[in-house]
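Fold and contact review
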Amino acid sequence: MSELDRILVTVDTASSLAVQQGDRPLRSEIQALTGLRGMAAILVVAYHFWPSTGISTNWTRDTIGRGYLWVDLFFILSGHVMAMNYARLFSQGFSGPVFAEFLLRRIARIYPLYIVLLGIQIAYTMAVYGNFQQVHAWAAVSVDDPIRDFPANFLLAQSLGVS
C-alpha cells in the first residue's frame, strides 16, 4: 500500500467514511476540527444576534463582535474536511463525470435541509404576517413577486438575476 493510499479517504454510497492507515481503520472525522467548526458556527450566530455595538466587555466584543472572521474559519475548516472526504473521488484527476458525481453528492447532502428550512420560513411568514411584504420583520420572507421568486429560490437560482 502506497503512502497516498494510506491517507486517502474512502467514501461509500451511504456516505460512511473511513481512513485506512496501516492495518487499522481510523475515523475520518477529526474531533478537534468538528468542535472548532461548531464553535465558529455558534459565534457567527451570536454575532448576528448581538452586533459589536451592543457588547460591553472587551473580550466578548473582540470574540463575538468579529463574527465575520468566524465565517472565514468555518469555511477554511469545511474546505479541509471536504478535501479529506472527497480526495479519493478526485485522486485520478479532474473530469466531467467525477465533478458531476461530486456535485450530486453535495446537493444530496445540502438540498433536503435547504428545502425544509425554506418551507418552514414560508409557513412562518404566512402564519404570522399573512403576506410576503414584511420588509422589517425578522425571519419573514419578503418578496415582490412570489410566483416568480419562490421557484427561483427552490431551484437555488435566486442570485442569478432570475428573481
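For the structure, check the block above.
In what follows, the accompanying structure is described.

The rules behind each value
- Residues numbered from 1 in each chain as written.
- Predicted model: local features only at pLDDT ≥ 70, side-chain atom pairs only at ≥ 80, totals over all residues.
- Heavy atoms only, no water.
- Axes fitted to C-alpha atoms, helices over the stretch in contact; angles between N-to-C directions.
- Helix = DSSP H or I, 4+ residues; strand = E, 2+ residues; numbered from the N terminus.
- Parallel < 35°, antiparallel > 145°, perpendicular 65-115°, else oblique.
- Left-handed = near helix turned anticlockwise from the far one by under 90°.
- Contact = heavy atoms within 4.5 Å.
- Nonpolar A, V, L, I, M, F, W, Y, C, P; charged D, E, K, R; others polar.
- Expected span 1.5 Å × (residues − 1).
- Buried < 20%, exposed > 50% of the residue type's maximum accessible area, 1.4 Å probe, protein only.
- Arc of directions from axis to C-beta.
- Phe/Tyr/Trp six-rings, centres within 6.5 Å; stacked < 30°, edge-to-face > 60°.

1. Remarks on the packing of helix α2 (residues 31–49) against helix α4 (residues 67–85)
Between α2 and α4, whose axes approach to 8 Å, the crossing angle comes to 150 degrees. With respect to α4, the element α2 is oriented roughly antiparallel. Considering how the two elements wind past one another, α2 and α4 form a crossing that is left-handed. Of α4, the residues touching α2 (which contributes Leu33, Leu36, Arg37, Ala40, Ala41, Leu43, Val44 and Tyr47) are Gly67, Tyr68, Trp70, Val71, Leu73, Phe74, Leu77, Ser78, His80 and Val81. Per-class residue counts for the contact of α2 with α4 are 14 nonpolar, three polar and one charged.

2. A look at α4
Spanning 19 residues, α4 covers 27 Å between terminal C-alpha atoms, matching the ideal 27 Å at 1.5 Å per step. Within the sequence span of α4, burial applies to Gly67, Leu77, Ser78, Val81, Met84 and Asn85. Buried residues in α4, looked at end-on, bunch into an arc of 115 degrees, giving them a common side. Within α4, the exposed residues directed more than 90 degrees away from the buried face are Phe75 and Ile76.

3. Examining helix α6 (residues 146–154)
Residues separated by three or four positions in an α-helix point in the same direction, a consequence of the helix having 3.6 residues per turn. Taken together, the buried positions of α6 are occupied by Asp149, Phe150, Ala152 and Asn153. Buried positions in α6, seen along its axis, are confined to an arc of 165 degrees and lie on one side of it. Lining the buried residues of α6 we find α5 (96–128). In the stretch just after α6, Leu156 is the one whose phi turns positive, near 60 degrees.

4. Some thoughts on the packing of aromatic side chains
Across all of its chains, the model carries ten aromatic pairs by this definition. Taken together, a centroid distance of 5.7 Å and an interplanar angle of 65 degrees make the contact between Phe90 and Phe102 edge-to-face. With Phe90 in the loop between α4 and α5 and Phe102 in helix α5, the pair connects residues that are twelve residues apart, well separated along the chain. Put simply, the rings of Tyr86, Phe90, Phe94, Phe99 and Phe102 pair up and form one aromatic cluster.

5. Digging into unusual backbone geometry
One non-glycine residue, Leu156, lies in positive phi territory at about 60 degrees. Taking the relative accessible area as the measure of exposure, Leu156 reaches 46% and is therefore partly exposed.

Shape descriptors only; they carry no functional weight alone.
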